[in-house]
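A closer look at the structure
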Amino acid sequence: MHSEMFALPEETTQDELLSLIEKLNDDQKIHGILVQLPLPKHLDEKSVINAIRPEKDVDAFHPVNVGKIMIGDYDFVPCTPAGIMELIAESGVEVEGKTCVVVGRSNIVGKPMSMLLLHKNGTVTTCHSRTKNLKEVTKTADILVAAVGKANFISQDMVKPGAVVIDVGMNRLENGALVGDVDFENVEKIAGAITPVPGGVGPMTIAMLMKNTFTAAKNSKIK
Ligand code: NDP
């Protein structure tokens, strides 16, 4: 893959960023555009995302791609949930008919994750900070996805024995260690399968970005 990186200074204006996106939208050599978020406060994230042509939106954050995921007719899926679906499929875990619980409802992870599990015929519950009796809900899960952003948030007593546990969290402890949202050491003892942090969902996210870019390039040849 040919790739170009634009490391813009923090003072970059909205107009400058939008005109770069416009240029890349029109560049035949470029099939995928990713704007690294979060943006500095003076930039409007929404209009920046909306400026990316949906066919080149390999992050799948543009409302057109978000809508397509909702109806189950999509080219791109946000990279983290896509990577998780790939992990599930490659591990031979069947989603159909399973009780799936996703803790977290962000646009990047939680919501698309729930939609993808639903498209695979899972029975899906999405939890968030206002969910009551969270433990009672997570304990019902055959497939539990934690995307909260709090170290060791999912404890052993929140997990059904034999459950597939997917840890999306990336939390930096004071000692510099990177840990997930799941208390791996204890949950591992009862889980049917579990992803580690680091080395689980993270690398899959990057792989899916490559996959989306490949899809975008392929689609550009078809059109
Ligand atoms: P957000 O902060 O956007 O979302 C966190 C979600 O967790 C929110 O929906 C929030 O609920 C929910 N939440 C917070 N506290 C609780 C609680 N006490 N009980 C139940 N739910 C709660 O985070 P992201 O989705 O962007 O990321 C989540 C984690 O995944 C982070 O650690 C992030 O670093 C990591 N991540 C990892 C990636 C990878 O490649 N491995 C990629 C992207 C993210 P509410 O909506 O009510 O506020």
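Right, let's walk through the structure included here. (Residues numbered from 1 in each chain as written. Predicted model: local features only at pLDDT ≥ 70, side-chain atom pairs only at ≥ 80, totals over all residues. Heavy atoms only, no water.)

What about helix α4 (residues 79-90)?
- Helix length check: α4, at 12 residues, gives a terminal C-alpha distance of 16 Å against a target of 16 Å (1.5 Å per residue), a fit within 8%.
- Within α4, the full set of buried residues consists of C79, T80, P81, A82, G83, I84, M85 and I88.
- Next to the buried residues of α4 lie α5 (110-119), β3 (143-146), β4 (164-167) and α8 (201-222). (Helix = DSSP H or I, 4+ residues; strand = E, 2+ residues; numbered from the N terminus. Expected span 1.5 Å × (residues − 1). Buried < 20%, exposed > 50% of the residue type's maximum accessible area, 1.4 Å probe, protein only. Contact = heavy atoms within 4.5 Å.)

Let's talk about unusual backbone geometry
- Of note, the amide linkage connecting L37 to P38 takes the cis form, showing an omega dihedral of -5°.
- Structurally, the position occupied by P38 is in the loop between α1 (14-26) and α2 (45-51).
- Of the consecutive residues V197 and P198, the connecting peptide bond is found in the cis state with omega at -5°.
- Mapped onto the fold, P198 is located in the loop between β7 (193-194) and α8.
- The backbone of N121 shows a phi angle near 70°, a positive value even though the residue is not glycine.
- Along the chain, N121 turns up in the loop between α5 and β2 (123-127).
- Although it is not a glycine, N152 sits at a positive phi angle of roughly 55°.

Overview of the nonpolar core
- By size, the foremost hydrophobic cluster in this structure holds 29 residues, and its most contacted members are I84, I88, L117 and V145.
- Elements with a minimum of two residues in this core: α4, β1 (99-103), α5, β3, β4 and α8.
- If near-sequence neighbours (up to four positions away) are discounted, I88 is found in contact with V93, V95, L117, I143 and I166.
- Counting residues in hydrophobic clusters, the runner-up holds 15 residues, among them V101, A141, V159 and A191. (Core = buried A, V, L, I, M, F, W, Y, C linked by side-chain atoms within 4.5 Å.)

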